[in-house]
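Residue-level listing of the chains:
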Amino acid sequence: MELPKNKRALDEIFKNAESLDPSELSGEYFVDMLTGLPSLKRFNHRKIFRQENGQTIGCNIIFKNKKWGCFFLEQTAGLKEGDAKTTINYDTPQNSLITKRIRDCIKKIGDNLYLGRFNYILFGKPRFLGYFSLTKK
């Protein structure tokens, strides 16, 4: 599925996308920044998800095997019934003070295809910086 690079179109897709259980993500996914920041797709940017002690955790990888940005997934209830939110939270001891402030919200939009909102915490509030897609390798 070809995704638009337009924020308004992606806002609508994200609004209507399915919530997901964090345990649904497992393995390796290619990352493509659709809006906002430049994409690292040409550097083979991907996220690896795995289960550990009943929690989904992972990290980003670029090039062949350069790891950065460790994270864990958490699910919070939404304002409406059935509107749960799955967040990729980078607030882990392995990350720098800059990286720890990243909070990505993700939703399912197709088989092995997910749309994420890249957010950065500034002054205690999430600030939207762009959309990205995750596609199962």
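The model shown is predicted, which means the values in this text are computed figures rather than measured ones. (Residues numbered from 1 in each chain as written. Predicted model: local features only at pLDDT ≥ 70, side-chain atom pairs only at ≥ 80, totals over all residues. Heavy atoms only, no water.)

Participant: Could you clarify how one ought to interpret the nonpolar core in this entry?
Facilitator: If you look at the biggest cluster of nonpolar residues, it comprises 17 residues, and the most contacted ones within it are Leu 25, Phe 49, Leu 73, Ile 88, Ile 106, Phe 132 and Leu 134. At the level of secondary structure, the elements contributing two or more residues to this core comprise strand 1 (27-33), strand 4 (66-76), strand 6 (102-110), strand 7 (113-122) and strand 8 (125-136). Excluding residues within four positions of it along the chain, Leu 73 makes contact with Pro 22, Leu 25, Phe 49, Gln 55, Thr 56, Thr 86, Thr 87, Ile 88 and Ile 106. With 10 residues, the next largest nonpolar core counts Leu 3, Phe 14, Leu 113 and Leu 115 among its residues. (Core = buried A, V, L, I, M, F, W, Y, C linked by side-chain atoms within 4.5 Å. Buried < 20%, exposed > 50% of the residue type's maximum accessible area, 1.4 Å probe, protein only. Helix = DSSP H or I, 4+ residues; strand = E, 2+ residues; numbered from the N terminus. Contact = heavy atoms within 4.5 Å.)

Participant: Please clarify how the packing of aromatic side chains should be interpreted in this entry.
Facilitator: Each aromatic ring pair is summarised here by two numbers: the centre-to-centre distance and the angle between the ring planes. Scanning the entire structure with this criterion turns up 7 aromatic pairs. Seen in terms of ring centroids, Tyr 29 and Phe 49 are 5.4 Å apart; in terms of plane orientation they differ by 85°. Their pairing is edge-to-face. Placement of the pair is Tyr 29 in strand 1 and Phe 49 in strand 2 (residues 46-52), with a sequence separation of 20 residues. The same class applies to Tyr 29 as to Phe 49, namely buried. Every member of this aromatic cluster is reached through a ring pair, and the members are Tyr 29, Phe 49, Phe 71, Tyr 90 and Tyr 114. One cation-aromatic arrangement involves Lys 47 over Phe 132; the distance from NZ or CZ to the ring centre is 5.7 Å. (Phe/Tyr/Trp six-rings, centres within 6.5 Å; stacked < 30°, edge-to-face > 60°. Lys NZ or Arg CZ within 6 Å of the ring centre and 35° of its normal.)

Participant: Just checking my understanding: could you explain the environment of Ile 61 for this structure?
Facilitator: Assignment of secondary structure puts Ile 61 in strand 3 (residues 55-62). In this structure, the C-alpha to C-alpha distance between Ile 61 and Asn 44, residues 17 residues apart in sequence, is 7.8 Å. In contact with Ile 61, other than residues within four places in its own chain, are Asn 44, His 45, Arg 46, Ile 48, Lys 66, Lys 67 and Trp 68.

Participant: Please clarify how the pairing of strand 6 should be interpreted in this entry.
Facilitator: Sheet faces and side chains relate simply in a regular strand, where the side chains alternate between the two faces. With 8 of 9 residues buried, strand 6 lies mostly within the body of the structure. Direction of pairing for strand 5 (residues 85-89) relative to strand 6: antiparallel, over a ladder of 4 bridges. Its bridge partner being in strand 6, Thr 86 is matched across the sheet by Ile 106. Two strands pair when backbone bridges link them, and strand 6 and strand 7 are joined in this way by 8 bridges, in the antiparallel orientation. Pairing of Lys 107 across the sheet is with Leu 115, part of strand 7. Linking two consecutive strands that pair antiparallel, namely strand 6 and strand 7, is a turn of 2 residues; a positive phi of about 55° is found at Asn 112 within it. (Pairing = 2+ DSSP bridges.)

Participant: Before we go on, may I ask you to explain the side chain of Lys 47 in this structure?
Facilitator: Tracing the backbone shows Lys 47 in strand 2. With relative accessibility at 3%, the residue Lys 47 sits in the buried group. Within the local environment of Lys 47, its side chain forms a polar contact with the side chain of Asn 60, the two groups lying 2.9 Å apart. Dropping the residues within four chain positions of it, Lys 47 is found in contact with Gly 27, Glu 28, Tyr 29, Val 31, Cys 59, Asn 60, Phe 71, Ile 88, Tyr 90, Asp 104, Phe 132 and Leu 134. (Polar contact = N/O pair within 3.5 Å; in protein donor to acceptor, adjacent residues only side chain to side chain.)

Nothing here speaks to function; it is geometry throughout.
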